[in-house]
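One-letter residues, chain by chain:
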Amino acid sequence: FTLGLVTTSLALHAPSQIAASVKKYAHQAGYQVLISMIDEDVNQSIQDSINELKSQRVDRVIINIPLESAEAEQIYENNHDILCLFLDVDPTSTVFNVCFNPADGSRASVEYLLELGHREFALLAGPEDSVSSRLRLQSWQETLMEKGLQAITVVHGDWSAQSGYYNALQMLRETPQFTAMLVGNDQMALGVISALHQHNVAIPQQVSIIGYDDTYDSAFFHPALTTVSLDLDLQSKEAVERLLATKNDVTASKILPAKLVVRNSTR
Ligand code: IPT
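So, here is what we can say about the structure in this document. Not measured: the values here are computed from a predicted model.

Around the ligand, the structure places 14 residues, and the nearest of them are Pro15, Ser132, Arg136, Asn185 and Asp213. In this structure, an oxygen atom belonging to the ligand sits 3.0 Å away from a side-chain N or O atom of Arg136. Computed on the free molecule, the ligand has an accessible area of 390 Å², of which 97% lies beneath the protein chains in the complex. If you map the ligand onto the pockets, it falls in the largest pocket. Elements with a minimum of two residues in the shell around the ligand: α1 (13-28) and α5 (131-146).

Attention now moves to the sheet that holds strand β4 (residues 83-86). What the 4 strands build is an open sheet, ordered β2-β1-β3-β4; its pairing is parallel. Looking at strand neighbours, the two that pair on one side only are β2 (32-37) and β4, the edges of this open sheet. On average, adjacent strands in this sheet sit at an angle of 20° to one another, irrespective of strand direction. As paired elements, strand β1 (residues 2-7) and strand β3 (residues 60-64) share 4 bridges and run parallel to each other. Note on β3: the bridge partner recorded for Leu5 is Ile62. Where helix α8 (residues 232-245) meets the sheet, its contacts fall on β1, β3 and β4, and the angle it forms with β3 comes to roughly 150°.

Enumeration according to the criterion identifies 2 aromatic pairs in this entry. For the pair Tyr165 and Tyr166, a centre-to-centre distance of 5.1 Å together with 85° between the ring planes defines the contact as edge-to-face.

This brings us to the pairing of β1. Burial runs high along β1: 6 of the 6 residues are buried. With 6 bridges connecting them, β1 and β2 associate as parallel partners. What sits directly across from Thr7, in β2, is Met37. On the question of chirality, the crossover connecting β1 to the parallel β2 by way of α1 is right-handed.

Direction vectors running N to C along helix α6 (residues 161-174) and helix α7 (residues 186-198) enclose 45°, while the axes themselves pass 6 Å from each other. Of the possible angle classes, the one that applies to α6 and α7 is oblique. Crossing of α6 against α7: the hand is right-handed. Residue-level contacts link Ala161, Ser163, Gly164, Tyr165, Ala168, Leu169 and Leu172 of α6 to Gln187, Met188, Leu190, Gly191, Val192, Ser194, Ala195, Leu196 and Gln198 of α7. Classifying every residue of the contact of α6 with α7 by side-chain character gives 10 nonpolar, 6 polar and no charged.

A few words now on the layout of surface pockets. The calculated volume of the largest pocket comes to roughly 700 Å³. Within the residue set of the lining of the largest pocket, elements represented by two or more residues are α1, β5 (98-100), α5, β9 (208-213) and α8. In terms of residue class, the lining of the largest pocket is made up of 20 nonpolar, 10 polar and 8 charged. As a volume, the second largest pocket reaches approximately 180 Å³. Lining the second largest pocket are 14 residues; nearest its centre among them are Ser229, Leu230, Asp231, Leu232 and Lys259. It is α8 that contributes the most residues to the lining of the second largest pocket, 3 residues altogether. Tallied by class, the residues present in the lining of the second largest pocket amount to 8 nonpolar, 2 polar and 4 charged.

In the segment running from Ile203 into Pro204, the intervening peptide bond is cis, with an omega of 10°. Its location among the elements puts Pro204 in the loop between α7 and β9. Going from His222 to Pro223, the amide bond is cis rather than trans, its omega being 0°. One non-glycine residue, Asp214, adopts positive backbone phi at about 55°. Judged by its relative accessible area of 17%, Asp214 falls in the buried class.

Parameters and conventions
- Residues numbered from 1 in each chain as written.
- Predicted model: local features only at pLDDT ≥ 70, side-chain atom pairs only at ≥ 80, totals over all residues.
- Heavy atoms only, no water.
- Near = heavy atom within 4 Å.
- Polar contact = N/O pair within 3.5 Å; in protein donor to acceptor, adjacent residues only side chain to side chain.
- Areas by Shrake-Rupley, 256 points an atom, 1.4 Å probe, with all protein chains shown as cover.
- 1 Å grid on protein atoms, 1.4 Å probe; cavity = no way out; pocket = protein on both sides within 12 Å on 5 of 7 lines; lining within 4 Å.
- Sits in = over half its atoms within 2 Å of the grid points.
- Helix = DSSP H or I, 4+ residues; strand = E, 2+ residues; numbered from the N terminus.
- Pairing = 2+ DSSP bridges.
- Axes fitted to C-alpha atoms, helices over the stretch in contact; angles between N-to-C directions.
- Contact = heavy atoms within 4.5 Å.
- Phe/Tyr/Trp six-rings, centres within 6.5 Å; stacked < 30°, edge-to-face > 60°.
- Buried < 20%, exposed > 50% of the residue type's maximum accessible area, 1.4 Å probe, protein only.
- Right-handed = clockwise from strand over helix to strand, strands pointing away.
- Parallel < 35°, antiparallel > 145°, perpendicular 65-115°, else oblique.
- Left-handed = near helix turned anticlockwise from the far one by under 90°.
- Nonpolar A, V, L, I, M, F, W, Y, C, P; charged D, E, K, R; others polar.
- Points joined across faces, edges and corners; volume = space filled by probe spheres on them.

Below is the structure:
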């Protein structure tokens, strides 16, 4: 038995952790995993990947590509001969999915920083064309707005440490008055930490930083990163179980919680 995984770049920590866990749980269930990696979220190449997997007699596929609800529904419509489960869509979309609540952890991180007394916020979101990135940003902004606050700057990176580094340098040049930064993922936070260290900005004494993901490395950043923890292993487990348990297209989606983990990058 073979299960398919169509995934975004495995150079990113979260998708590579997901791929490792999908493989682990599929193996436990007696399934092999065929992985097809896509770099750009172009609809056509996702279909190419799916076709490739179909030609290898795969009939159940996990799709970890950031997709708008309409795009995911289109993929579902075009592939009635296989069962697709999506990992990176809006959890309220109608397609079969196992996704994280994009609001709970984002909200908790803003509230935590507000409790610590922060008022000057810089927001470093992920790419604009990623639905999870947009929903995280939206929750940060809504939570600030409820307190009558607004971020002093909002910029977008591409999830990489390098983009975190360069965006942080830009913020230091243009809007250096921030005392707290919310970052869309831990890899970008790693780059931010590096830029701040270089400019002798002390973390957390001068600037607090909260990341997002809590991948395996995040506790070993310097300082150890306060972040929103996504249980990617659990997401993979739920996805494999639900995909394999499904009979006659009776699909049960699931929303997983995300929670703030406080370490040493905030005060
Ligand atoms: C999401 C990660 O949070 C982010 O860091 C980045 O790796 C992105 O994936 C890549 O698409 S996790 C996803 C299951 C929402």
